[in-house]
Amino acid sequence: MDKTISCLKAAVADIPDKARLMIGGFGGSGAPIELIHALIDRFRATGSPKDLTVINNNAGNGSVGIAAMIKAGMVRKMICSFPRSSNAEAFNEKYLAGEIELELVPQGTLAERIRAAGAGIPAFYTPTSFGTELADGKPTEEFDGKLYVRERWLRADYAIIKAQLGDALGNLTYRLAGRNFNPLMAMAANRSIAQVSNLVDLGSIDPEVVVTPGIFVDGIVEVPHPRQEEALVRAGVVY
Amino acid sequence: MDKTISCLKAAVADIPDKARLMIGGFGGSGAPIELIHALIDRFRATGSPKDLTVINNNAGNGSVGIAAMIKAGMVRKMICSFPRSSNAEAFNEKYLAGEIELELVPQGTLAERIRAAGAGIPAFYTPTSFGTELADGKPTEEFDGKLYVRERWLRADYAIIKAQLGDALGNLTYRLAGRNFNPLMAMAANRSIAQVSNLVDLGSIDPEVVVTPGIFVDGIVEVPHPRQEEALVRAGVVY
Amino acid sequence: MIERKLSNAQIAWRAAQDIEHGAYVNLGIGFPEMIAKFQPEGRDVIYHTENGVLGFGGAPKEGEEDWDLINAGKKAITLEPGASFFHHADSFCMVRGGHLDLAVLGAYQVAQNGDLANWSVGTRGVPAVGGAMDLVHGAKRVAVVTDHVTKDGKPKLVEACTFPLTGVGCVTRIYSSLAVIDIIDDRFVLREKLPGMSIDDLQAVTGAPLHIEGDPLDLLVPALD
Amino acid sequence: MIERKLSNAQIAWRAAQDIEHGAYVNLGIGFPEMIAKFQPEGRDVIYHTENGVLGFGGAPKEGEEDWDLINAGKKAITLEPGASFFHHADSFCMVRGGHLDLAVLGAYQVAQNGDLANWSVGTRGVPAVGGAMDLVHGAKRVAVVTDHVTKDGKPKLVEACTFPLTGVGCVTRIYSSLAVIDIIDDRFVLREKLPGMSIDDLQAVTGAPLHIEGDPLDLLVPALD
């Protein structure tokens, strides 16, 4: 079996309008910038995919990556924990103009909801957000004298993620803190596409150090020497 | 900071009577046999710890490890998924004589309940066991047209686990399928003690390949050339 | 009256033919494990075991076992290229989370609505469940391999299970010693039967109605003994 | 009337003195991060950041940043020996699961029952919460570093928060620009105050009663500017 996809264009060709799309990374760390830009290229060429719901910790920075998707008008809704950051004008402007929806989720709850989707756990209880407005309307329950909020899993149609090493079966490792949401999103989407910096021979990743087993990955595309989103933002790159 | 403990005897010295004790391993794979035997030594010398509730996937095999604990009379209750296996006479006899309690938990639910304890998730929903007698008395709920059972976290006072490499901060790696429940139990107990085959210098485990970060580990004791439980059982060893 | 039936090896062979190239598969302890031996040439199948291994292969040579490298049945295994290790919670994410293409289990009874009983016959003794109750949920297909009847000739395919359930409405296909049967909308739908056995004879040893949708195919397997 | 108050650096210094050898600590984005600079000699403190790093150190030299190695505030960091990487769900297991010894956050308001408001002032604009609502749960101690009053002189230590809450009953200690205050049984208990400031003067700028259990100590910090 070989999950390798020959090019970025083919890797994102199937993502439809209105898809729920998870995008890995935390800020620029671990962000699959080449896959995102391939998706923007497709939108510019064809008008699709549009009306996307994007799930990411943030809401884009500068004029590359998710920020460029938002500027291009592909995103209908963001589900994230921290859209307000420096250089987040792309989201801010659309949001304040009422042109983009926002579902704000505490960061740990966001991670756990994504993991729950991958784990077949439809709901769980967390102390996080109890008694706050982010828990409004959610069921609550007392366990052992403490109060908790019930949260639902967060599933997606597609995930695009960034990894370091990958093999043809989709086994992945990550780079430094670029791991973050990437392994979770791989589990939680119906179809997960990973860009890897190095596509290596089957058997050359030690089974002990695989972070994402290939069962969670559907497609893999090699992007040697990937660009780093934060470095692009700092360089003022506009995509 | 140095979490190293000088000897096995000291590593298990604090575990009190009536403790809820998680023991890593799946059958003999990854079983911390030297820590278990140190605990038996202490019981034989002092009469403590007794009335233990032991949490493990199985209920011991042959006449070593958990089976030897049961034979010695230290265990009041087992929480496990699969007590019935070849060479499980120690548990079987006590159970059929009504001298030991059993809480039977489906294997995936057992793993998830332990993980939930480590994760601060007091309860979660799973499809597993819905409609079966193992769900009797448990709350159920429908999500998206499917029915689920609510399960509680499973915490412990102590965990004793087996790892491969360890450093003074408690960072751990495992060996082959010996990983199994060990990383989960490290998270779920108030105090987690790991035996490691090789205690290595701080900084010599690549941060990318740490499986259990040291925050989950309270004590670490080096046991070079540890024995393998299954091999002991097959050799007919009696402890 | 049963004149001829498939051996366990032949049932396993038949089940193996339906496993697609690239499938992620969990084979239950015991009889279902035999399916791996009959994996058709040219198809890559990636086997999962509950205790935290993906991509394992057959048993090592005797004397070369490493007892830290075992499957859920506690048997020594080997690794294929592209294998990975993970802890038990991640392992059951794969199971419960819908990531396996197929789980195959044994059965005491299967009901026409897909209920499965395979962990306890409800008698005294030491109960044990292992991963069975998890495996019946999440896999895209949940199949059973089983003799068509019990040792004393009673149907194992029944209207409603009388033994304690493993899971509710979970089985989608049965490979028995006499037939291949799908479970669709709470009914047994006959897909294949042994050549020479009449539908009436098959029905006589089946505890719930067999539905026919198009002619059943002949259940043809090689001699394997 | 406030004649003298601690700088942020001095508040951070004071908070740092309470961190024990071997503690696992998460410092919130911004002001709380400054605490790491004042870690007393000889104490090992292991810093956690939500985005999946344990055991990180200070910033790298300018020009040597690797932007895949950042903290939750998106600042470039370095690693200490014994560091580890993990994914976001495991990272918040550490937070929610009670594994951190201490989390230190900033505050808009802290109420006498330990309620914290630090993520939103409820006005128009883009809301953002990050990991704050998680960090206030699970750590063995949750402390706040803050100016004692707002820029226009209103109390930040209040009877009940008027801004949207981050968490309910979660704060256990406040390091302010004027005092160190514990929260015990829904009351502010004064532990330390600036020498020369009377309890009455401190009470006048505090929005809820200060309780005295034994003489408050002098809040002494070095000049750091």
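The notes below deal with the structure included here. These numbers come from a predicted model, not from an experiment. (Residues numbered from 1 in each chain as written. Chains lettered and ligands numbered in written order. Predicted model: local features only at pLDDT ≥ 70, side-chain atom pairs only at ≥ 80, totals over all residues. Heavy atoms only, no water.)

## Looking at helix H4 (residues 89–96) of chain B
The periodicity of an α-helix, 3.6 residues per turn, causes residues three or four positions apart to be oriented the same way. Residues and elements named next belong to chain B. The complete set of buried residues in H4 reads Ala 90, Phe 91 and Asn 92. Buried residues along H4 sit in contact with helix H3 (65–72), strand S3 (75–80) and strand S4 (101–104). Where H4 terminates, the next one or two residues include Gly 98, which has phi positive at roughly 70 degrees. (Buried < 20%, exposed > 50% of the residue type's maximum accessible area, 1.4 Å probe, protein only. Helix = DSSP H or I, 4+ residues; strand = E, 2+ residues; numbered from the N terminus. Contact = heavy atoms within 4.5 Å.)

## Topic: the sheet that holds strand S6 (residues 109–111) of chain D
The mixed open sheet is built from three strands, whose spatial order is S7-S6-S9 (chain D). The strands lining the two open edges of the sheet, one partner per strand, are strand S7 (116–117) and strand S9 (157–158) of chain D. (Pairing = 2+ DSSP bridges.)

## Digging into the nonpolar core
One finds Ile 114 of chain A together with Ile 114 of chain B to be the most contacted residues of the largest nonpolar core, which totals 222 residues. Setting aside residues no more than four positions away along its own chain, Ile 114 of chain B makes contact with Met 22, Ile 55, Leu 154, Phe 181, Leu 184, Met 185 and Ala 188 of chain B. (Core = buried A, V, L, I, M, F, W, Y, C linked by side-chain atoms within 4.5 Å.)

## Things to note about the packing of helix H5 (residues 107–119) of chain A against helix H2 (residues 88–96) of chain C
The geometry of H5 of chain A relative to H2 of chain C is characterised by a closest axis approach of 7 Å and an angle of 60 degrees between their N-to-C directions. Mapping the contact onto sequence places Arg 115, Gly 118 and Ala 119 of chain A in H5 of chain A and Ala 89, Phe 92, Cys 93 and Arg 96 of chain C in H2 of chain C. Taken together, the residues of the contact of H5 of chain A with H2 of chain C sort by class into four nonpolar, one polar and two charged. (Axes fitted to C-alpha atoms, helices over the stretch in contact; angles between N-to-C directions. Nonpolar A, V, L, I, M, F, W, Y, C, P; charged D, E, K, R; others polar.)

## A few points about the state of the cysteines
Counted by the stated rule, this structure contains zero disulfides over all chains. The closest cysteine sulfur to the non-disulfide-bonded Cys 93 of chain D is located on Cys 93 of chain C, 11 Å from its own sulfur. (Disulfide = S-S within 2.5 Å.)

## A look at the interface of chain A and chain D
Each side of the interface is counted separately: chain A has 46 residues, and chain D has 35 residues. The junction of chain A with chain D conceals about 3500 Å² of combined surface from both sides, 63% of it contributed by carbon and sulfur atoms. When the area that chain A buries against chain D is broken down by residue, the three leading residues are Phe 26, Arg 84 and Leu 176 of chain A, summing to 16%. Scanning the region where chain A abuts chain D turns up three salt bridges. Put simply, Asp 68 of chain D and Arg 175 of chain A hold a salt bridge, and the shortest N to O gap is 2.9 Å. Here chain A and chain D share 21 residue pairs in polar contact (both at pLDDT 80 or more) between them. Within the residue set of the side of chain A that touches chain D, elements represented by two or more residues are helix H4 (89–96), strand S4 (101–104), H5, helix H6 (182–188) and helix H7 (229–234) of chain A. (Buried area = accessible area lost by both parts, 1.4 Å probe. Salt bridge = Lys/Arg side-chain N within 4 Å of Asp/Glu carboxyl O. Polar contact = N/O pair within 3.5 Å; in protein donor to acceptor, adjacent residues only side chain to side chain.)

## Section: helix H1 (residues 8–17) of chain D
Within H1 of chain D, seven of the 10 residues are buried, which leaves it mostly tucked inside the rest of the structure. On its buried face, H1 of chain D is in contact with strand S8 (141–146), strand S10 (173–176), strand S11 (179–184) and strand S12 (187–193) of chain D.

## What to know about the pattern of salt bridges
Inspection of the entire model under this criterion finds 52 salt bridges over all chains. Here Arg 179 of chain B makes a salt bridge to Glu 208 of chain A, at a shortest N to O gap of 3.7 Å. Of the two residues, Arg 179 of chain B is situated in the loop between strand S8 (156–166) and helix H6 (182–188) and Glu 208 of chain A in the loop between strand S9 (189–199) and strand S10 (219–222); the pairing between them involves two chains. With respect to class, Arg 179 of chain B is no different from Glu 208 of chain A; both count as buried. Between Asp 152 of chain C and Lys 154 of chain C there is a salt bridge; the shortest N-O distance is 3.5 Å. In terms of burial, Asp 152 of chain C and Lys 154 of chain C fall into one category: exposed.

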